[in-house]
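Observations on the three-dimensional arrangement
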Amino acid sequence: MDADISLRVNGAEHTLRVDTRTSLLDLLREHLGLTGAKKGCDHGQCGACTVLLDGRRVNACLALAVAHRGSDVVTIEGLAQDGELHPLQRAFIEHDAFQCGYCTPGQICSAVGMLREAGSRPGEAEIREGMNGNLCRCGAYANIVAAIAEVAS
Amino acid sequence: MRPFAYGRPADAAGALAALASSPGAKLLGGGTNLVDLMRLGVETPDLLVDVTGLPHGAIEETPGGGLRIGAAVRNSDLAADALVRARFPILAEAVLAGASAQLRNLATVGGNLLQRTRCVYFQDVTKPCNKRVPGSGCPARDGEHRNLAILGHSEHCVATHPSDMAVALAALDAVVHLTDAAIPVTGFYRLPGDEPQHDTVARGLIVAVELPPLGLPAAYRKVRERASFSFAVVSLAAALDVAEGVVREARLALGGVAHVPWRARTAEAALRGAPATEESFAAAADAELAEARPLRDNAYKVPLARNLIVRTLAELA
């Protein structure tokens, strides 16, 4: 069954007709060609699909596109402004916070969301707990935490 | 995934009408459990009735100092709410102990209550499961059940309810408000018995959860196999009132041990009027856990639950 969906992605309005079974992740990757968000598990367990939906970090794999008409989505492709990397993107590079890079778009989008949620400057334990929904099979966690801690300070 | 129609009613009447329009209709909250189960083929709705647009998204004070929490409130908003953190910090603790921020940002209160068990056989459509297909059998009883029930299970089902929030709500004597009924959380869930396909006593649209005031020191403690992002092996929501070294009131609800959030009423009765000592706490825990019937591989949950009760009550005393 198809549905007409309009939403904003990285500042641009889109109107598409998609099968109701289409997840937000599939809409981004397959329909809009925004392949930054990754399908790591498709079950909300790995966080590689994390994007910002109306400012909040969510697993795009579990969000049905049809349930989020009119929403404002920001993906990893939308974080840089006027050719300038987002501070978290710069920090991930400087701190060598990725190895294969597969989880990285989700890690960065999740960190952007987390820093909006966190009250005062989160310490290491709070960062680790706050990022618990983002897995990294390469084990880059120590550097991921360092990158986030730098931006959080 | 089976093709489905989608609707987003504006009010409860519209939601109920949509639900009634097809036997294959299901309510959609945040989708964090339902969409997962649909992708696994466990749930196969032909119509999703999205209830996130209903006017059930507020947290309000009730006369007398309690709270009424709309069923569409997102888990993250519930945990961050100033009134919840001030009056029921145990509830915020329990919600934050569950899932990940990404999941909590989507998940609704109503959906959290109605989430299904994570028993591996329930989630695998190639396996028999009395909950998913009544009469097909329970492979968990003699199979993989390390994280399944020690209390209240039946020969038909040994599943556990996975929610942290529901355990806190059970200890808080919360009431689930549906459109046509108000049911205490402690009476909302069923033991599996010979009808494990029914998790709850009522089916219908949850509109709110109401909490009476608490006013006691309380805590939520969760034991799990990883430091985070895991379901409970055993969890405990506890509240304790001690005056002059004697327990005046105690509330204990265990998670991870049964098909329901397990309100430990035998332990509570043993604690009332008893000296607030570790001996009393242990005796109360033992009295409650005397009815535990561990399976071959989950007997470790019995001393774990006992120690968790003793340690948490000692902290609160």
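This text gives an overview of the structure that appears in the document. (Residues numbered from 1 in each chain as written. Chains lettered and ligands numbered in written order. Predicted model: local features only at pLDDT ≥ 70, side-chain atom pairs only at ≥ 80, totals over all residues. Heavy atoms only, no water.)

**Some points on the pattern of salt bridges**
Considering all chains together, one arrives at 31 salt bridges over all chains under this definition. Close ionic contact of Arg 128 of chain A with Glu 124 of chain A constitutes a salt bridge, the shortest N to O distance being 3.0 Å. Note that Arg 128 of chain A and Glu 124 of chain A are positioned in helix 4 (residues 124–130) at a spacing of four residues, about one turn of the helix. Its salt-bridge partner being Glu 61 of chain B, residue Arg 87 of chain B comes within 2.7 Å of it at the nearest N-O pair. One end of the pair, Arg 87 of chain B, is in helix 4 (residues 82–87); the other, Glu 61 of chain B, is in strand 4 (residues 59–61), and 26 residues separate them in sequence. On the basis of relative accessible area, Arg 87 of chain B is assigned to the partly exposed category, the value being 29%. Salt bridges sharing common partners tie together Asp 173, Glu 249, Arg 251, Arg 263, Glu 268 and Arg 272 of chain B. (Salt bridge = Lys/Arg side-chain N within 4 Å of Asp/Glu carboxyl O. Helix = DSSP H or I, 4+ residues; strand = E, 2+ residues; numbered from the N terminus. Buried < 20%, exposed > 50% of the residue type's maximum accessible area, 1.4 Å probe, protein only.)

**Thoughts on empty space enclosed by the protein**
A probe matching the size of a water molecule, rolled over the atoms, marks out where space remains unfilled. Residues and elements named next belong to chain B. For the structure on display, the rule yields two cavities of 30 Å³ or more. In this structure, the largest cavity occupies an estimated 100 Å³ of space. Taken together, 16 residues line the largest cavity, and the ones lying closest to its centre are Cys 119, Cys 129, Asn 130, Cys 138 and Cys 157. Looking at the lining of the largest cavity residue by residue, the classes come out as 11 nonpolar, four polar and one charged. In this structure, the second largest cavity spans a volume of roughly 50 Å³. Looking at the lining of the second largest cavity, its residues break down into two nonpolar, four polar and three charged. (1 Å grid on protein atoms, 1.4 Å probe; cavity = no way out; pocket = protein on both sides within 12 Å on 5 of 7 lines; lining within 4 Å. Points joined across faces, edges and corners; volume = space filled by probe spheres on them. Nonpolar A, V, L, I, M, F, W, Y, C, P; charged D, E, K, R; others polar.)

**Some thoughts on helix 8 (residues 164–171) of chain B**
All names here are of chain B. Of all eight residues in helix 8, eight are buried, a share of seventy percent or more. Within the sequence span of helix 8, burial applies to Asp 164, Met 165, Ala 166, Val 167, Ala 168, Leu 169, Ala 170 and Ala 171. Of the residues that open helix 8, the one with a side-chain oxygen 3.2 Å from the backbone nitrogen of Met 165 is Ser 163. (Polar contact = N/O pair within 3.5 Å; in protein donor to acceptor, adjacent residues only side chain to side chain.)

**Side note on the interface of chain B and chain A**
Each side of the interface is counted separately: chain B has 29 residues, and chain A has 30 residues. Between chain B and chain A, roughly 2,400 Å² of surface is buried when both sides are summed, and carbon and sulfur atoms account for 54% of that area. Our count for the contact surface shared by chain B and chain A stands at two salt bridges. At the surface where chain B touches chain A, the tally comes to 15 residue pairs in polar contact (both at pLDDT 80 or more). At the level of secondary structure, the elements contributing two or more residues to the side of chain B that touches chain A comprise strand 1 (5–7), helix 2 (34–40), strand 3 (47–50), helix 3 (75–80) and helix 6 (101–106) of chain B. Ranked by the residues each element gives to the side of chain B that touches chain A, the list is headed by helix 6 of chain B, at five residues. For the side of chain B that touches chain A, the per-class residue count stands at 15 nonpolar, eight polar and six charged. (Contact = heavy atoms within 4.5 Å. Buried area = accessible area lost by both parts, 1.4 Å probe.)

**Re the side chain of His 259 of chain B**
All names here are of chain B. Of note, His 259 is situated in the loop between strand 11 (246–255) and strand 12 (262–263). Of the residues examined, His 259 reaches a relative accessible area of 5% and is grouped as buried. In terms of polar contacts, His 259 uses its side chain to reach the side chain of Lys 131, at 2.6 Å. Discounting chain neighbours no more than four positions away, the residues touching His 259 are Lys 131, Cys 157, Ala 159, Thr 160, His 161, Arg 190, Leu 191, Pro 192, Pro 196, His 198 and Asp 199.

**Remarks on the sheet that holds strand 4 of chain B**
All names here are of chain B. Ordered in space as 4-5-8-6-7, the five strands form an open sheet in which the pairing is antiparallel. Among the strands making up the open sheet, the edge pair consists of strand 4 and strand 7 (182–184). The average undirected angle you get between the axes of adjacent strands in this sheet is 25°. Relative to strand 8 (residues 206–211), strand 6 (residues 175–178) runs antiparallel, the two sharing four bridges. Bridge pairing in strand 8 links His 177 to Ala 208. (Pairing = 2+ DSSP bridges. Axes fitted to C-alpha atoms, helices over the stretch in contact; angles between N-to-C directions.)

**A word on the sheet that holds strand 10 (residues 234–243) of chain B**
Backbone-to-backbone hydrogen bonds pair the strands of a sheet. The strands run either parallel or antiparallel. All names here are of chain B. Taken in spatial order, the four strands make up an open sheet running 9-10-11-12, and their pairing is antiparallel. At either margin of the open sheet sits one strand with a lone partner, and together these are strand 9 (218–223) and strand 12. When strand 10 meets strand 11, the two strands line up antiparallel, connected through nine bridges. Opposite Val 242, over in strand 11, you have Val 247 as the bridge partner. Here helix 12 (residues 301–316) sits on the sheet and contacts strand 9, strand 10 and strand 11; the angle it forms with strand 10, its principal contact strand, is near 35°.

**Regarding the layout of surface pockets**
In this structure, the second largest pocket occupies an estimated 690 Å³ of space. Lining the second largest pocket are 23 residues; nearest its centre among them are Arg 57, Glu 117 and Ala 118 of chain A together with Leu 96 and Arg 104 of chain B. Those elements giving two or more residues to the lining of the second largest pocket turn out to be strand 4 (56–59), helix 3 (104–117) and helix 4 of chain A together with helix 3 and helix 6 of chain B. Of the residues in the lining of the second largest pocket, the class split is seven nonpolar, seven polar and nine charged.

**A few points about the state of the cysteines**
All names here are of chain A. Under the definition given, this model contains zero disulfides over all chains. Here Cys 49 is not cross-linked by a disulfide; its sulfur's nearest cysteine counterpart is in Cys 61, at 3.7 Å. Take Cys 49: its relative accessible area is 3%, and that puts it in the buried class. No disulfide involves Cys 103; its sulfur sits 3.9 Å from that of Cys 136, the nearest cysteine. (Disulfide = S-S within 2.5 Å.)

**Comments concerning the nonpolar core**
Residues and elements named next belong to chain B. If you look at the biggest cluster of nonpolar residues, it comprises 74 residues, and the most contacted ones within it are Leu 78, Leu 91, Leu 113, Leu 169, Leu 211 and Leu 252. At seven residues, the largest contribution of residues to this core is made by helix 8. Not counting chain neighbours up to four residues away, the residues in contact with Leu 91 comprise Ile 69, Leu 78, Val 84, Met 165, Ala 168, Leu 169, Leu 172 and Leu 211. (Core = buried A, V, L, I, M, F, W, Y, C linked by side-chain atoms within 4.5 Å.)

**Observations regarding unusual backbone geometry**
With a phi close to 60°, Asp 173 of chain B is a non-glycine residue in the positive phi region. Inspection of the secondary structure assignment puts Asp 173 of chain B in the loop between helix 8 and strand 6.

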